[in-house]
Amino acid sequence: MNIALILAGGVGSRFDSNFPKQFVEIEKKPLIIHTLEKFSGCKEIDEIYIICLKEYVDEMETMIKNYSIKKIKGIILGGKTRHESIKNGVKYLSTNHYNDVCKVILHNANMPLVTNSNIVDCINKCKNSDIIVTTAAKCNGYFYQISNDENGSLIIGPNRENLLHAKVPETMYLSAAKEIYLSNTFDGKQYESYTAGMLAIILNKKVEVVTCKSTNMKITTKEDYELVQTYLRKEKSGE
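Residues numbered from 1 in each chain as written. Predicted model: local features only at pLDDT ≥ 70, side-chain atom pairs only at ≥ 80, totals over all residues. Heavy atoms only, no water.

Q: Just give me the short version of the pairing of strand S10 (residues 164-173), but keep the residues and values in it.
A: For S10, the buried fraction is high: 7 of the 10 residues fall into the buried class. Across 4 bridges, strand S6 (residues 103-108) lies against S10 in antiparallel orientation. Bridging across to S10, Val-104 finds its partner in Met-172. Where strand S7 (residues 131-138) and S10 come together, 5 bridges link them in antiparallel fashion. Bridge assignment links Ala-137 to a residue of S10, and that residue is His-165. (Buried < 20%, exposed > 50% of the residue type's maximum accessible area, 1.4 Å probe, protein only. Helix = DSSP H or I, 4+ residues; strand = E, 2+ residues; numbered from the N terminus. Pairing = 2+ DSSP bridges.)

Structure representation (C-alpha cells):
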C-alpha cells in the first residue's frame with residue numbers, strides 16, 4: 001500500500017497573508033487542491049492523509065468535499081514544525097495498524113507542480129526498507145560563498161555539477177519512517193527543515209535520488225506564487 005502524507009501545517013509567515021498559503025487561491029482553486037489532485041489522480045497512490053493545523057481542519061474538510069478529492073483517508077493534526085508534523089503523521093500510521101512494508105510518500109501542500117512521473121518514480125525506486133528515496137533538481141548558474149573571515153568576504157562557491165537542490169516528494173517504508181521520525185534523535189531545532197533524505201544520510205542509510213525539474217518549486221513568497229501561477233496556466237493549457 002502506498003500512503004501519501006501531504007504536509008499542510010505551515011502558517012505562511014513569509015507569504016504575508018492572513019491565513020496559510022496552502023489555502024490561498026491560485027488559478028481558481030486553493031493551492032492545496034492543485035497538489036491533492038496530483039496525488040489523487042496518481043494510480044499508484046492508495047490513500048492520502050493531510051497533516052493540518054487544528055484551527056483549519058474544518059476548512060480543509062469543506063475544501064475536500066467541495067472539490068470531490070478522492071482517496072482522502074483522513075486529516076492528522078500538525079505540529080509546530082514540519083518535522084513535528086511528519087512525526088505526528090508517522091505516529092498515526094504506526095498506531096493505526098498499517099503494516100511496516102507500506103510505503104509512505106511525503107510531500108508539501110505548497111508544491112503543486114509535482115508531476116505524476118515524479119511521484120511514480122519515487123515509489124518504484126523505493127524497493128526495500130533500507131532505501132529512502134528523495135527528489136532533487138540539478139542546480140543551474142554559478143554560486144558565491146561567504147567566507148568565514150571577519151569581513152564575511154565572498155569566495156567562489158562549490159561546483160554546480162556537484163550540487164542538487166533538495167525537493168519532495170520522498171518515499172520510504174513505514175518501518176524506515178518510524179526509525180527516522182519516532183526517535184528523539186532529530187527533535188532539535190537544527191533539524192526542523194531537514195528532508196528525510198538528509199536525516200537518512202546522518203543515520204548512514206542508503207538514499208536514492210529521483211531528479212525532477214526545477215519548476216517543482218515551493219511557494220514561500222509572493223514572487224514564488226506568481227511563478228507557480230504561470231506554470232499552472234501552461235500546465236492547464238498543455239504547453
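Q: Now, about the packing of aromatic side chains: what can you tell me, with residues and values included?
A: Scanning all chains against the criterion turns up 5 aromatic pairs. Taking 6.2 Å as the distance between ring centres and 85° as the angle between the ring planes, the aromatic pair formed by Tyr-49 and Tyr-98 counts as edge-to-face. Within this pair, whereas Tyr-49 is found in strand S4 (residues 47-52), its partner Tyr-98 is found in the loop between helix H3 (82-94) and S6, the two being separated by 49 residues in sequence. Across the pair, Tyr-98 and Tyr-49 agree in class, each one buried. Feature note: the residues Tyr-49, Tyr-92 and Tyr-98 constitute an aromatic cluster, connected by ring pairs. (Phe/Tyr/Trp six-rings, centres within 6.5 Å; stacked < 30°, edge-to-face > 60°.)

Q: Kindly report on the sheet that holds strand S5 (residues 72-77), identifying the contributing residues and their values.
A: Two strands in a sheet stick together by hydrogen bonds in their backbones, pointing the same way (parallel) or opposite ways (antiparallel). Taken in spatial order, the 7 strands make up an open sheet running S5-S4-S1-S6-S10-S7-S11, and their pairing is mixed. Looking at which strands have only one partner, the edges of the open sheet turn out to be S5 and strand S11 (206-212). Within this sheet the neighbouring strands show an average axis-to-axis angle of 25°, counted without direction. Looking at chain direction, strand S1 (residues 2-8) and S6 are connected through 6 bridges and run parallel. Paired with Ile-6 across the strands is His-107, a residue of S6. Contacts from helix H2 (residues 57-66) reach S4 and S5, with the element oriented near 165° to S5. (Axes fitted to C-alpha atoms, helices over the stretch in contact; angles between N-to-C directions. Contact = heavy atoms within 4.5 Å.)

Q: Could you give an account of the pattern of salt bridges, naming the residues involved and the relevant values?
A: Enumeration over the complete set of coordinates arrives at 8 salt bridges. Here Lys-87 and Asp-187 are joined by a salt bridge, their closest N and O atoms 3.0 Å apart. Taken as a pair, Lys-87 in helix H3 and Asp-187 in the loop between helix H5 (174-181) and helix H6 (196-202) lie far apart in primary sequence, 100 residues in all. Classification of Lys-87 by relative accessible area gives buried; the value is 13%. Judged by its relative accessible area of 40%, Asp-187 falls in the partly exposed class. Taking the shortest distance from any N to any O, the salt bridge between Lys-205 and Glu-179 comes out at 3.2 Å. On the criterion of sequence distance, the pair formed by Lys-205 in the loop between H6 and S11 and Glu-179 in helix H5 is long-range, its members being 26 residues apart. (Salt bridge = Lys/Arg side-chain N within 4 Å of Asp/Glu carboxyl O.)

Q: I'd like to hear about the pairing of S1, residue by residue, with values.
A: Counting buried positions along S1 yields 7 of 7 residues, so the element is predominantly enclosed. Residues of S1 alternate between two faces, with Asn-2, Ala-4, Ile-6 and Ala-8 on one and Ile-3, Leu-5 and Leu-7 on the opposite face, all of them buried.

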